[in-house]
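# Structural features, examined
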Amino acid sequence: MSDRWKWVSWIFGTIVVIVYSIIVIENKKRMKAITDKYRGQVSNSSTNAESPKSMSPTNRASSAKSKNSLSSSRQVASGKPSHSSKKGESDGDPWNSLERRLKEWDPKAPWKVRRENESLVRAISGGVIPAKGADIQSVQSFLEELGDSLGVSTKELSPPTRRTFDVENIYEAKQVIQGYEVDGAFVKVFSRRSDGAIYYLASEMKVVNHPLLRKDLDLAAARNVVAPRFAGKSFEIEGSDSVQGANPRIYVKDEKYSELVWVFIVKVTAPTYDRRMIYVGAQSGQVLLDESLLMH
Amino acid sequence: MAIGGFLKHYIVTCIRVTQVGTLGFFILNLGCSKGFEGNKSSVIEIASTSQGDPKGPETPESVSIAFKQGLSLESAEVSEDVEIVSSNSSEIKDIQMSLNGNTDRKLTEAPFIYRVNLVKKESPIKVKALATFKNGKTAEAEITVNPQLAGSGGIDPSCMTNASYDACIFWKNPISHKKSVFKPAITYGQDVATVQSYGIKLKGLSSQSELKSINFTVSAKDGQKAVPDSAGTYKYKYAEDSGKSFVAQLMAYFWMTEEIEIIKKKSGRFYAEGKRVPVSSLDKSVKNNAYWDGQGIVLGEVTIPGKPSEVALGADVYIHELGHGNMQYAAGNTAYRSCGSAAGCIGAINEGQADFHVALVFSQNPVLGEHFFNSMEGMPGRNVLQNHNLTGTSAFSSGGGEVHNMGAVYASLLWEMYVHPAMSHLDFSKMFSLHLAMLTNSSTIANSKAVFESINIAQFDGKYKTVIDEVFKLKGY
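Predicted, not measured: the structure shown is a model, and the values here were computed from it. (Residues numbered from 1 in each chain as written. Chains lettered and ligands numbered in written order. Predicted model: local features only at pLDDT ≥ 70, side-chain atom pairs only at ≥ 80, totals over all residues.)

## A look at the overall build of chain A
Along the backbone of chain A there are 6 helices and 11 strands. Here chain A holds 296 residues, and the buried ones make up 39% of them. Put simply, 58% of the contacts in chain A that link residues at least 6 apart link residues at least 24 apart. (Helix = DSSP H or I, 4+ residues; strand = E, 2+ residues; numbered from the N terminus. Buried ≥ 20, exposed ≤ 12 C-beta atoms within 10 Å, placed from the backbone. Contact = placed C-beta atoms within 7 Å.)

Put into structure tokens, the structure is as follows:
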């Protein structure tokens, strides 16, 4: 190739890279503006309140449709919505629908939605949602109504369980994918016992992308991975701890890596006391987590 | 705002009659409770009557001052809520309060909540209320408040020979009990007979032959399992305890049982109740430390002051550790890693709330680690009485994100809300227990404000918004 063609191809390539970068940056700016806009709507509840009528059955269906597939919820959770939405649009945008619903339930409340990475909802607070927390069925309907507004698909939630205390009920639904619990992933709904009003929602739902779900190692084989780590120490692999079940669970290391793991608790009694939690990948056979349970 | 409300459920135990003002007699009912014992409440009630009126009271002017100490013994420790109610409140102009003859707050708005701050106070305090009515009449009432030590036992120099006790231990820890440090530091088998005088009855034992209940099973890995003596009691002198560690086991059993009882009385719940927590009161492989291990409690050997002894001699330590357990049963397993910013993290919250368990049990003396450090000031940096000005930013910049370091901010935040003049201690105790279940891995000290706000809105009609705002601002959030 002549020098002349080399220069032409170099310049052309540079232009392509620059143009692509500009497009990416502009897209990010646009999405940030959208995010800020909806955050602003939440914090300023006295403005932009929409009529409950605007939440038409069609809109609900649209929203529900968008949450039905795992892939769509992942798309939302792992980044930003794939489309912009203006205030009042009936486009099934999960953020829009969440804020709209909150305002329907209590237009005057200073609602706060705490998010992580701009998409995953971690907490909803600031007002009360009448009657939606009266019983397990109501809470289940409430969570279905929220849909993928939480940033991941509520289709992955187990039926809620309830703990009852003097003044409140606490409902907890665990994130379950293909029958396996996602480690540490749940939604908790807090409701007032006197009238069933929901006053707080906490979510630790996780984005699970392409989890490794093959069980190449059974529990006994995984146990054999654990024991050598404690050679020379007095230890016991506990078998009856509530943390360790007969079923493996999905451990989400990060958004790029999830794997089915066997969970072990190991009590070390010498030379120094310790109690450790160890996750062994059921497919990879790797120790993915080994940390002390000691708090002091 | 009109003064309103009703006086109910309070027990008036004796009555005096006195004359106040010029236009009539005022009947002054003075509650004669002996401080904070039992479940009784003391009441001061002032009511006016017209002199010589055969029909009885002509004007229903009255002011009742109820010392709401009856809910629990311990709730009275830090301060007392004084609720003033009246059947004809519009006639009252104001009420001047005084403590031991010194003028204190003048109450001008209803509902009145007047608090007697009892932190670090042990002597009786005379609380006086002087009500001025709009027609110029006055009425006054007085009551004596006797601060008492937390716990169902009592200090008795003759404890070892008094048959009414099951065991003789230390109140909180040997330093707190003695009210001074040991020189040199206390060690195994030391003769501390003059200090080992807190007489207790052991509660909830499911067996007469071991320290076991539905809540705990106490033993000592590097000691002997405590068993009753020939008289069926556990009266063991610390001077003869070397190698056994019976006193440490008794301390652990008694004070953790008290922790559950006290916090349940204050807040209505203790999540770790009934969980049969195994407790090892002495594991010498653990130096200068103690653990909640996700299931049980392991207490080590303290060597910091120079001479070794059981960490378990300090009740504050395992009250803290059981605090971790309480949160685990409330919120589930949460992460325990350093915080990445001054906003704090769930690990710091966990540490701070565990410290606050100590403050709830020993509200009058919430210092942590006196025995551990053989110091009246306790563990450096963890004293809520000294951390009023500690903020998230200052703690993070000086000590980084280590969970105990940042936890001190959270403990201080909780304490400042608890002792805020506009906060009811019982309400905050409930708020505290409720909030434990609402914490998750993504909780930070900063965003925990939304948790308290939610509880305040849902369970307390929003009346503590100012307290929450002020205290979070004080802590830099």
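## Some words on the overall build of chain B
Along the backbone of chain B there are 10 helices and 19 strands. For chain B, buried positions account for 54% of its 477 residues.

## Digging into the packing of helix 9 (residues 448–459) of chain B against helix 10 (residues 465–474) of chain B
Residue and element names in this part refer to chain B. Their axes nearest at 10 Å, the elements helix 9 and helix 10 cross at an angle of 170°. Put simply, helix 9 runs roughly antiparallel to helix 10. When helix 9 is examined against helix 10, the residues Lys449, Phe452, Glu453 and Asn456 are found in contact with a partner set consisting of Lys465, Ile468 and Phe472. Partitioning the contact of helix 9 with helix 10 into residue classes produces 3 nonpolar, 1 polar and 3 charged. (Axes fitted to C-alpha atoms, helices over the stretch in contact; angles between N-to-C directions. Parallel < 35°, antiparallel > 145°, perpendicular 65-115°, else oblique. Nonpolar A, V, L, I, M, F, W, Y, C, P; charged D, E, K, R; others polar.)

## Some remarks on the sheet that holds strand 12 (residues 167–169) of chain B
Residue and element names in this part refer to chain B. Across the sheet, which stays open at both edges, the 3 strands sit in the order 11-13-12 with antiparallel pairing between neighbours. Each edge of the sheet is formed by a strand with only one pairing partner; in this case those strands are strand 11 (154–155) and strand 12. Running at roughly 90° to strand 12, helix 2 (residues 246–267) makes contact with strand 12 and strand 13 (198–200) of the sheet. (Pairing = 2+ DSSP bridges.)

## Comments concerning unusual backbone geometry
When glycine is set aside, most residues are seen to have a negative phi, and most peptide bonds are trans. Residues alanine 270 of chain A and proline 271 of chain A are joined by a peptide bond in cis, for which omega reads 5°. Mapped onto the elements, proline 271 of chain A comes out in the loop between strand 9 (257–270) and strand 10 (274–281). A cis amide bond links lysine 183 of chain B with the next residue in sequence, proline 184 of chain B, at an omega value of 0°. Within the element layout of this structure, proline 184 of chain B appears in the loop between helix 1 (174–178) and strand 13. Within the chain, asparagine 117 of chain A stands out as a residue other than glycine whose phi angle is a positive 50°. Relative to the helices and strands, asparagine 117 of chain A resides in the loop between strand 1 (112–116) and strand 2 (120–125).

## So, the domain arrangement of chain A
All names here are of chain A. Along its sequence, chain A is carved into domain 1 (9–203) and domain 2 (219–292). Tallying the contact residues gives 6 residues for domain 1 and 7 residues for domain 2. Top contributing element to the side of domain 1 that touches domain 2 by residue count: strand 5 (residues 180–192), with 4 residues. Residue composition of the side of domain 1 that touches domain 2, grouped by class: 3 nonpolar, 1 polar and 2 charged. (Domains from an automatic or database assignment.)

## A closer look at the interface of chain B and chain A
Facing 30 residues of chain B, the contacting portion of chain A comprises 31 residues. If you list the elements that add at least two residues to the side of chain B that touches chain A, you get strand 16 (290–292) and helix 9 of chain B. Its residues placed into classes, the side of chain B that touches chain A shows 13 nonpolar, 13 polar and 4 charged.

## Topic: the sheet that holds strand 6 (residues 92–99) of chain B
All names here are of chain B. Pairing within the open sheet is antiparallel, and its 4 strands lie in the order 7-6-9-10. The open sheet has two edge strands, strand 7 (102–107) and strand 10 (138–145), and neither has a second partner. Across the sheet, the mean angle from the axis of one strand to that of its neighbour is 20°, orientation sign disregarded. Looking at chain direction, strand 9 (residues 125–133) and strand 10 are connected through 8 bridges and run antiparallel. Within strand 10, the residue paired with alanine 131 across the bridge is alanine 139.

## A word on the nonpolar core
Most often, soluble globular proteins keep nonpolar side chains buried together rather than apart. Residues and elements named next belong to chain B. Grouped together as the largest cluster of nonpolar side chains are 169 residues, with contacts concentrated most on Ile169, Leu250, Met251, Ala252, Leu299 and Tyr318. Those residues in contact with methionine 251 that lie beyond four places of it in its chain are Ile169, Phe170, Ala312, Leu313 and Ala315. By size, the runner-up hydrophobic cluster in this structure holds 12 residues, among which are Ile95, Met97, Ala139 and Ile143. (Core = buried A, V, L, I, M, F, W, Y, C linked by C-beta atoms within 7 Å.)

## Details of the confidence of the model for chain B
The predicted model of chain B has a mean per-residue pLDDT of 81, with 78% of residues at 70 or higher. Overall fold confidence for the complex sits at a pTM of 0.78, while the interface term, ipTM, reaches 0.78. (pLDDT = per-residue confidence, 0-100.)

## A few points about the pairing of strand 11 (residues 287–292) of chain A
Residues and elements named next belong to chain A. Alignment of strand 10 against strand 11, held across 5 bridges, turns out to be antiparallel. Each residue of the ladder has a partner; that of tyrosine 279, found in strand 11, is leucine 289. From the end of strand 10 to the start of strand 11, which pair antiparallel, there are 5 residues, and glycine 285 there has a positive phi angle of about 75°.

## Concerning the environment of glycine 243 of chain B
All names here are of chain B. Note that glycine 243 resides in the loop between strand 14 (216–219) and helix 2. Judged by the 12 C-beta atoms lying within 10 Å of it, glycine 243 is exposed. The spacing of glycine 243 and phenylalanine 428 is 185 residues in sequence and 42 Å in space, taken between C-alpha atoms.

## Some details on the packing of helix 2 of chain B against helix 4 (residues 346–361) of chain B
Residue and element names in this part refer to chain B. The contact between helix 2 and helix 4 brings their axes to 9 Å, and the two run at 80°. Regarding the angle of helix 2 to helix 4, the classification is roughly perpendicular. For the pair formed by helix 2 and helix 4, the contact residues are Glu258, Glu259, Ile262, Ile263 and Lys266 on the first element and His357, Leu360 and Val361 on the second. Here the residues of the contact of helix 2 with helix 4 are counted per class, giving 4 nonpolar, 1 polar and 3 charged.

## A few points about helix 6 (residues 392–399) of chain B
All names here are of chain B. Looking only at helix 6, the buried set comprises Gly392, Ala395 and Phe396. The buried residues of helix 6 occupy one face: seen down the axis, they fall within an arc of 95°. Away from its buried face by more than 90 degrees, helix 6 exposes Ser397 and Ser398. One or two positions beyond helix 6, positive phi appears at glycine 400, with a value near 75°. (Arc of directions from axis to C-beta.)

## Describing the pairing of strand 15 (residues 277–280) of chain B
Alignment of strand 14 of chain B against strand 15 of chain B, held across 4 bridges, turns out to be parallel. Counterpart to valine 218 of chain B in the pairing with strand 15 of chain B is valine 279 of chain B.

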